[in-house]
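Residues per chain, in single letters:
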Amino acid sequence: MEEVARALAASKSAVAFTGAGVSAESGVPTFRGAGGLWERYRPEELATPEAFERDPVLVWRWYKWRQELIYAADPNPAHLALAELERLGVLKAVITQNVDGLHRKAGSRRVVELHGNIWRVRCTSCGREFPVEKPVGEIPPRCPICGGLLRPAVVWFGEPLPRGAWEEALSLASSADFMLVVGTSGAVYPAAHIPRVAKRNGAVIAVVDPGETALDDIADFKIRGKAAEILPRLVAEVRRCLT
Ligand code: OAD
């Protein structure tokens, strides 16, 4: 922990890369090994354009369930710690695969959302995008302009990532000298390329996760534990290094 804090405090362009694990302690279940109601569905079976075409109500039931969980969720100490690192001038940005918006809610200013945001919907007929403030009511929801079927404005398997977000993430990763990877299985591409790009360009990689991840092979440091416990301790150490 001290070594990671020292490297982080000494870095010039540190970036965080986060996944579902960072929101686990806010009560938002992770995708793999999530448990509960949806365990019998794999994300690859629900989060696809084909699944939506086949059964939009099923897919919307899943997203409505996630919207409700997220609506009731608050940022946890892990989100707050990352926002604090940005305020301290230590972290340049958070690149996240999460669609829950909790990094921004915690106060992080530069957040790159690789997989979109669950609080936006897009019409499958006219293509218009709308923000939504609370969980959808009747499902499937309809476009208020043309009556077409609305879908969540998130990235599904087989779909390209939003170009702007992807380019910003690539550029941050290429110039990062430190990447803090938190709560991601690292199993989903192209997102999981981001820490690999950082590593190739010479960044120090620190992985925070209670389990094994597919990114452990590039980790210079691995801190095993829950993000909401580890990250506040890391911030405290970084503060000590800065004074
Ligand atoms: P996963 O569900 O694949 O992985 C969650 C990771 O979080 C695992 O490595 C867990 O060990 C770890 N974890 C669990 N609890 C934790 C805690 N309290 N603190 C820290 N880590 C914890 O989630 P992602 O890697 O984010 O994509 O999944 C990537 C993408 O797959 C998602 O963005 C989503 C999904 O399908 C799309 O929907 C396109």
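Residues numbered from 1 in each chain as written. Predicted model: local features only at pLDDT ≥ 70, side-chain atom pairs only at ≥ 80, totals over all residues. Heavy atoms only, no water.

Let us look at the sheet that holds strand E6 (residues 150-154). With antiparallel pairing, the 3 strands of this open sheet are ordered in space as E5-E4-E6. Unpaired on one side and paired on the other, strand E5 (129-131) and E6 mark the two borders of the sheet. The sheet shows a mean angle of 40° between the axes of neighbouring strands, direction not considered. Sheet topology places strand E4 (residues 116-123) next to E5; 3 bridges connect them, and they run antiparallel. From the neighbouring strand, Arg120 faces E5, where its bridge partner is Pro131. Where helix H4 (residues 56-71) meets the sheet, it contacts E4 and E6, and its direction lies at approximately 140° from that of E4. (Pairing = 2+ DSSP bridges. Helix = DSSP H or I, 4+ residues; strand = E, 2+ residues; numbered from the N terminus. Axes fitted to C-alpha atoms, helices over the stretch in contact; angles between N-to-C directions. Contact = heavy atoms within 4.5 Å.)

Right, let's get into the nonpolar core. In this structure, Leu8, Leu82, Leu85, Leu180 and Leu231 are the most contacted members of the largest nonpolar core, which totals 27 residues. Those elements that place two or more of their residues in this core are helix H1 (2-10), strand E1 (14-18), helix H5 (77-87), strand E2 (91-96), strand E7 (178-182), strand E8 (204-208), strand E9 (221-223) and helix H9 (227-242). The residues touching Leu85, leaving out its near neighbours within four places in the chain, are Leu8, Val90, Leu91, Leu180, Val235 and Val238. By size, the runner-up hydrophobic cluster in this structure holds 26 residues, among which are Val59, Tyr63, Val132 and Leu150. (Core = buried A, V, L, I, M, F, W, Y, C linked by side-chain atoms within 4.5 Å. Buried < 20%, exposed > 50% of the residue type's maximum accessible area, 1.4 Å probe, protein only.)

In summary, the side chains of a regular strand alternate between the two faces of the sheet. Counting buried residues in E4 gives 6 out of 8 residues, a clear majority hidden from the surface. As defined by bridge partners, E4 adjoins E6 across 4 bridges and the pair is classed as antiparallel. Bridge assignment links Gly116 to a residue of E6, and that residue is Val154. As consecutive antiparallel partners, E4 and E5 are separated by 5 residues, and within that stretch Gly127 has a phi angle of approximately 80°, a positive value.

Quick look at empty space enclosed by the protein now. Taken as a whole and assessed by the stated rule, the structure comprises 1 cavity of 30 Å³ or more. By volume, the largest cavity amounts to about 30 Å³. Around the largest cavity sit Thr96, Asn98, Asp100, Gly101, Leu102, His103, Arg104, Val111 and Glu113, which together line it. Listing elements by their share of the lining of the largest cavity, those giving two or more residues are helix H6 (102-105) and strand E3 (111-113). In terms of residue count, H6 provides more of the lining of the largest cavity than any other element does, 3 residues in total. A breakdown of the residues in the lining of the largest cavity according to their chemical character gives 2 nonpolar, 4 polar and 3 charged. (1 Å grid on protein atoms, 1.4 Å probe; cavity = no way out; pocket = protein on both sides within 12 Å on 5 of 7 lines; lining within 4 Å. Points joined across faces, edges and corners; volume = space filled by probe spheres on them. Nonpolar A, V, L, I, M, F, W, Y, C, P; charged D, E, K, R; others polar.)

Where H1 contacts H9, the axes come no closer than 8 Å and their chain directions differ by 55°. In terms of orientation, H1 and H9 fall into the oblique class. As H1 packs across H9, the resulting crossing turns out to be right-handed. Of the residues in H9, those touching H1 at Glu2, Val4, Ala5, Arg6, Leu8 and Ala9 are Leu234, Glu237, Val238, Cys241 and Leu242. Across the contact of H1 with H9, the residue classes tally to 8 nonpolar, no polar and 3 charged. (Parallel < 35°, antiparallel > 145°, perpendicular 65-115°, else oblique. Left-handed = near helix turned anticlockwise from the far one by under 90°.)

Let's shift gears to the packing of aromatic side chains. Taken as a whole and assessed by the stated rule, the structure comprises 5 aromatic pairs. Taking the centre distance of 5.2 Å and the plane angle of 45° together, the rings of Phe52 and Trp156 count as tilted. You can see Phe52 sitting in helix H3 (residues 49-54) and its partner Trp156 sitting in the loop between E6 and helix H7 (163-175), a full 104 residues away along the chain. For the pair Phe52 and Trp156, a shared accessibility class is recorded, and that class is buried. Aromatic rings pair up to connect Phe31, Phe52, Trp62, Tyr63 and Trp156 into one cluster. Over the face of the ring belonging to Trp156 we find Arg151, whose NZ or CZ atom lies 3.8 Å from the ring centre. (Phe/Tyr/Trp six-rings, centres within 6.5 Å; stacked < 30°, edge-to-face > 60°. Lys NZ or Arg CZ within 6 Å of the ring centre and 35° of its normal.)

Coordinates in, geometry out; function isn't part of it.
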